[in-house]
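# Coordinate inspection notes
These are the residues of each chain, in order.
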Amino acid sequence: MLHHLRAAGVSVLLDARGTGVPRVVHWGRDLGDLTDEDLAALADATVPAVPPSSVDHPLRVSLVPGLAEGWSGRPTVAVHRPGGPLDLDLRSAGGLASRDEAAGVAVETEVELTPQGVLRLRQSVRNEGSTPLAVDAAAVVVPVPDRAREVLDFSGLWSHERRPQRHLPPHGVWSRESRHGRPGHDDAFLLTVGVPGFGFRHGEVWAAHVAWSGDSVSWLERSSLGVSLLGGGELLAPGEVTLAPGETYTGPWTVLVWSDAGLDGLSDRLHPWIRSWSTIGRPRPLVLNTWEAVYFDHSLERLEPLVDAAAAVGVERFVLDDGWFRGRDDDTRALGDWFVDLAKWPDGLTPLIDRVTGAGMEFGLWVEPEMVNPDSDLARSHPQWLVGAGTWRHQRVLDLTQPAAYAHVRDRLDALLTEYPIAYLKWDHNRDLLASAAHGQTIALYALLAELRADHPSVEIESCASGGGRIDLGILPLVDRVWTSDTNDPLERQSIQRWTGLVIPPEYLGSHLGAARAHTTGRTAALSFRLVTALFGHAGIEWDLTRASADELAAVTRWTALYRSSRALLHGGVVVRGDASDPAWLTHGVVATDRSEALFAVVALGTAQGALPPVIRLPGLDPSRTYRVSVVDVGAEPTFVQPQAPPWWPGTTLPGRVLAEVGLAAPLLAPENAVLLRCEAV
Ligand code: DGJ
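## A look at the sheet that holds strand β11 (residues 140-144)
Hydrogen bonds between backbone groups are what pair the strands of a sheet, and the pairing can be parallel or antiparallel. Across the sheet, which stays open at both edges, the four strands sit in the order β11-β18-β17-β14 with antiparallel pairing between neighbours. Strands at the two margins of the open sheet, each flanked by one partner only, are β11 and β14 (172-178). When the angles between neighbouring strand axes are averaged without regard to direction, this sheet yields 15°. When β14 meets strand β17 (residues 216-222), the two strands line up antiparallel, connected through seven bridges. Within β17, the position partnered with Glu177 by the bridge is Val217.

Structure, rendered in structure tokens:
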């Protein structure tokens, strides 16, 4: 049987004929209507010759390639029983299932092509024998053509997430592994391989993302056998998953995306797909978060003026961050004791919440349910509930796989959500697990999130892990926001948001307006640069507005109004990024799906290479429509190195194809400044 899956310009051809394990013949550009005879001829035509010094049959790299079929590369599924290795010799068991009768092991690959052209694969392994079966790996692989030579993936660190790295790997395995018990700040995120030179707007690319919040691996193998495979799956520690007779392990989905329109083409499949199942059902309220405003300095007297200032500038959700619970005076103690600190809040949180809701805002609360400080009542009373080596930010991890520990934290959260009108939880997670236990812990975390969501369906949840340490497509169906990074420095944020937005739609990406001097870098940034940068996401404020000047408050008020009037476009449109000819100058934007309007940020990260910065080309507009381009007042003026603007400034009218192809002369922005342009079809 041949399966030709087609959607949105993508074809996947699976050859499940014969007795071998099915294989992917093609994943990429749509092959059009093909008859059964065409498909069979194509599948046969891609069976390779037998090279010298090799197995005596053609190498058909299957969905579960292994030694028995002559594949000496990285194994995809690896299992063993006590006493020795187990070399699987799998045979087709119908559909995309296969079985090794003698070994008592069955493997099934699930393959889905979504209407948006996103391909998902996951692997299940079933123990059909009579003794325990250890699962060492159960990942998925798909072939990519040899012309896919250049790799882009990501590394990073706290406050500097998603740093792109590109190279041309020679033969071998380029493997990115997370052993943090969470994806981590250095997560590979989207392992992309493409025809060398691909950019945001051009080039053929194939990419993989493991939809899992625990340990994972994604890799590209360029084998000397002449085959290239893109792979991904859960990274299992030795002995972590052992199946009793009759049990099945099902790995997470690996999400695979192809585009011939560069990296923006990947987003243009991923974002509509994510939006098709997103839990976000209503406009993203503008947030004020108290963290960088007051840290642990909590009291009604301290926070009431901030509530009032937030309401006055147009904030819609007020979030009380870390510091509200019993004994939490700094980050060395009290995690786990999820009771309101009556020393700081003698009447509980109700007076604060009343002030917030009385001013027309929602109330949100910070929690870190998976973590426990050794200096806490919880750790003292239940030391057996703690897991994870050493301490990290003075924390241990609560072992959610222990039913009593799970029930305890669920009940505490449930009690808080029942007692108080909480609209949103910022769910933090500030350490690596440092234990070979990520599989069970991740499953338990997902169960906890799902249970709380079911019991409190109106409560939104944000995934935060010291910023963007847990942003993945495993957790996304269970949350409504991600905290993109702990840095609110706009210079850092331009890059972090640009690259996180490759996978995650902007309505999920928490993006806050910070104080002039960024707490994480010490760098000082102009208000207009901070405003433009924070607009492109789920916007918020993380700044002690009680210390802002009247002019600053007026600017912030204009900006919140702009956010509210633009959010349908910002959170529903197509994300576009220009290919920069000068790395110091960027253009990015959001174009309405009907291409009737768009907002673009033109950003000077640094000094342009020439006296005149590169022209501003505006991608993604309708080539056949004409647009009125105007400069938008974000609330504060940028700084220019020279006041004279180009003659078209602050507005012109031109066809979309001209704006994309030729562009507009750039204003002479000073470094670390940005302007916002609006395009409206006329
Ligand atoms: C780390 C988070 O990323 C911050 O935003 C803040 O919530 C702190 N934790 C609080 O401890």
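## Concerning the side chain of Arg412
Mapping Arg412 onto the fold places it in helix α7 (residues 403-419). For the buried residue Arg412, which engages in no salt bridge, the nearest side chain bearing the opposite charge is Glu419, 5.8 Å off. Those residues in contact with Arg412 that lie beyond four places of it in its chain are Trp338 and Phe339.

## Comments concerning the packing of helix α9 (residues 490-500) against helix α10 (residues 527-535)
Running from amino to carboxyl end, α9 crosses α10 at an angle of 20°, the nearest separation of the two axes being 9 Å. Judged by the angle between their axes, α9 and α10 are roughly parallel. Considering how the two elements wind past one another, α9 and α10 form a crossing that is left-handed. Together, Pro490, Leu491, Arg493, Gln494 and Gln497 of α9 and Phe529, Arg530 and Thr533 of α10 make up the contact between the two elements. Looking at the contact of α9 with α10 residue by residue, the classes come out as three nonpolar, three polar and two charged.

## Examining unusual backbone geometry
The phi torsion of most residues other than glycine is negative, and most of the peptide bonds are trans. For the bond running from Trp649 to Pro650, omega is 5°, close enough to zero to count as cis. Following the sequence through the fold, Pro650 ends up in the loop between β36 (626-632) and β37 (651-655). In this structure, Ala8 takes a positive phi of about 45° despite not being glycine. Relative to the helices and strands, Ala8 resides in the loop between β1 (2-7) and β2 (10-15).

## Here we look at the pattern of salt bridges
One pass over the structure, following the stated rule, counts 48 salt bridges. Salt-bridge contacts for Arg6 lead to Asp30; the nearest nitrogen and oxygen are separated by 2.8 Å. With Arg6 in strand β1 and Asp30 in the loop between β3 (23-29) and α1 (36-45), the pair connects residues that are 24 residues apart, well separated along the chain. We note a salt bridge from Asp322 to Arg328, for which the minimum N-O separation is 2.8 Å.

## Considering the packing of aromatic side chains
For the structure shown, the criterion picks out 14 aromatic pairs. Residues Trp273 and Trp277 carry aromatic rings whose centres are separated by 5.4 Å and whose planes lie at 80° to one another, so their mutual orientation is edge-to-face. A residue pair is termed a helical-turn pair when its members lie 3 or 4 positions apart in one helix, as Trp273 and Trp277 do in helix α2 (residues 262-277) at four residues. When the ring of Trp324 is compared with that of Phe325, the centres are 5.2 Å apart and the planes differ by 75°; the resulting orientation is edge-to-face. Put simply, the rings of Phe154, Phe189, Phe200 and Trp499 pair up and form one aromatic cluster. Against the face of Trp543 rests Arg530, its NZ or CZ located 4.9 Å from the ring centre.

## Observations concerning the side chain of Gln395
Of note, Gln395 is situated in strand β27 (residues 395-398). By relative accessible area, which is 0% here, Gln395 ends up buried. Residues contacting Gln395, with those up to four places away along its chain left out, are Leu335, Glu368, Met371, Val372, Asn373, Pro374, Gly390, Asn430 and Arg431.

## Here we look at the domain arrangement of the chain
Accessible area lost upon the coming together of the parts is a frequently used measure of interface size. Looking at the chain, the domain boundaries give domain 1 (2-277) and domain 2 (287-570). One C-alpha centre belongs to domain 1, the other to domain 2, and the line joining them spans 35 Å. With 39 residues of domain 1 in contact, the opposing surface of domain 2 contributes 44 residues. Buried area between domain 1 and domain 2, both sides added, is near 3,500 Å², and the carbon and sulfur share of it is 61%. Per-residue buried area on domain 1 facing domain 2 is highest for Arg162, Arg182 and Ser213; these three make up 17% of the total on that side.

Thresholds applied
Residues numbered from 1 in each chain as written. Predicted model: local features only at pLDDT ≥ 70, side-chain atom pairs only at ≥ 80, totals over all residues. Heavy atoms only, no water. Pairing = 2+ DSSP bridges. Helix = DSSP H or I, 4+ residues; strand = E, 2+ residues; numbered from the N terminus. Axes fitted to C-alpha atoms, helices over the stretch in contact; angles between N-to-C directions. Buried < 20%, exposed > 50% of the residue type's maximum accessible area, 1.4 Å probe, protein only. Lys, Arg positive; Asp, Glu negative; His and termini not counted. Salt bridge = Lys/Arg side-chain N within 4 Å of Asp/Glu carboxyl O. Contact = heavy atoms within 4.5 Å. Parallel < 35°, antiparallel > 145°, perpendicular 65-115°, else oblique. Left-handed = near helix turned anticlockwise from the far one by under 90°. Nonpolar A, V, L, I, M, F, W, Y, C, P; charged D, E, K, R; others polar. Phe/Tyr/Trp six-rings, centres within 6.5 Å; stacked < 30°, edge-to-face > 60°. Lys NZ or Arg CZ within 6 Å of the ring centre and 35° of its normal. Domains from an automatic or database assignment. Buried area = accessible area lost by both parts, 1.4 Å probe.

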